[in-house]
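Each chain is listed here by its residues.
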Amino acid sequence: MGRHKPNKPRRSRPEPDAHRHEDFEIPTDFADPGGRPVDHALLGQLVGTAFDGCTTCQDPLLTLLVEDPATTARLVELACVATHSVLGGLPASMTDDDVPGQTAPEFRRLARAGLDGANDTMFVACGELPTAGRRAAANTALDILIGHLATPA
Ligand SMILES: [Zn+2]
């Protein structure tokens, strides 16, 4: 009676490489003002998945990223640098809380802190954000960065 169930169902081996994204090379000629290490490999992977628009791969990487304030700050910085090089400055919608726009307030706070090359201030401010705040800032930074990567100046 009933169907025979094998005691040990065998699973096919997981294939983590079943789909891949090309990592971006993040410039590493960068001295973190506080001497904190930036996880360039993680950052490169995250930008690669975001560029491909794959949220399935992006989400776990983002979770790792926001646990790492220095690497999150570096992502925000890259977004600011990319914008700066295209527009010659940061638009108010990226720094001013009162200007409407899609930029997360946490991102604006960090961008403000980093204005005029005040990198150290920005990295410290990023470390002081709660994880959810860093995630909001990182999401905005990714959107901005991917926008620039997709449409190179
Ligand atoms: Zn993917």
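Now for a quick tour of the structure. (Residues numbered from 1 in each chain as written. Predicted model: local features only at pLDDT ≥ 70, side-chain atom pairs only at ≥ 80, totals over all residues.)

Looking now at the overall build of the protein. A tally of helices and strands in the protein yields 7 helices and 0 strands. Mapped from its N terminus to its C terminus, the protein presents α and β elements in the order α-α-α-α-α-α-α. Across the 153 residues that make up the protein, the buried fraction comes to 33%. Residue pairs at least 24 apart in sequence account for 61% of intrachain contacts in the protein once pairs closer than 6 positions are excluded. (Helix = DSSP H or I, 4+ residues; strand = E, 2+ residues; numbered from the N terminus. Buried ≥ 20, exposed ≤ 12 C-beta atoms within 10 Å, placed from the backbone. Contact = placed C-beta atoms within 7 Å.)

Judged by nonpolar contacts, the single largest core of 32 residues is most densely connected at L75, V76, A79, L110, C126, A138 and A141. Listing elements by their share of this core, those giving two or more residues are α1 (40-51), α2 (55-66), α3 (69-87), α5 (105-113), α6 (119-128) and α7 (131-150). Residue contacts for L75: discarding those within four places in its chain leaves L43, L65, A138, A141 and L142. (Core = buried A, V, L, I, M, F, W, Y, C linked by C-beta atoms within 7 Å.)

Turning our attention to the environment of C80. Along the polypeptide, C80 turns up in helix α3. Put simply, C80 and M94 are 14 residues apart on the chain and 8.7 Å apart in space, counted from C-alpha to C-alpha.

With that settled, consider α7. Because an α-helix packs 3.6 residues into every turn, residues spaced three or four apart end up facing the same way. When the terminal C-alpha atoms of α7 are compared, their 28 Å separation across 20 residues agrees well with the 28 Å that a helix rising 1.5 Å per residue should span. Within the sequence span of α7, burial applies to G133, R134, A137, A138, T140, A141, L142, I144 and L145. (Expected span 1.5 Å × (residues − 1).)

Time to look at the environment of V47. Looking at where V47 falls in the secondary structure, it is placed in helix α1. Between the alpha carbons of V47 and I26 there is a distance of 8.9 Å; along the sequence they are 21 residues apart. Residues in contact with V47, not counting those within four places in the same chain, are F24 and L145.

This paragraph deals with the packing of α3 against α7. Orientation of α3 relative to α7, taken along the N-to-C sense of each, is 35 degrees, at an axis distance of 9 Å. Two packed elements cross with a definite hand, and for α3 against α7 that hand is left-handed. Here P69, T72, L75, V76, L78, A79, A82, T83 and V86 of α3 lie close against α7, whose contacting residues are R134, A137, A138, A141, L142, I144, L145 and H148. Its residues assigned to classes, the contact of α3 with α7 shows 13 nonpolar, 3 polar and 1 charged. (Axes fitted to C-alpha atoms, helices over the stretch in contact; angles between N-to-C directions. Left-handed = near helix turned anticlockwise from the far one by under 90°. Nonpolar A, V, L, I, M, F, W, Y, C, P; charged D, E, K, R; others polar.)

This part is about the packing of α3 against α6. For the pair α3 and α6, interaxial distance at closest approach is 9 Å and the crossing angle is 125 degrees. Put simply, α3 runs oblique to α6. Crossing of α3 against α6: the hand is right-handed. On α6, the residues touching P69, A70, T72, A73, V76 and E77 of α3 are M122, F123, C126 and G127. In the contact of α3 with α6, the residues fall into 7 nonpolar, 2 polar and 1 charged. (Parallel < 35°, antiparallel > 145°, perpendicular 65-115°, else oblique.)

Note that every value here comes from positions in space, so none of it alone points to a role or purpose.
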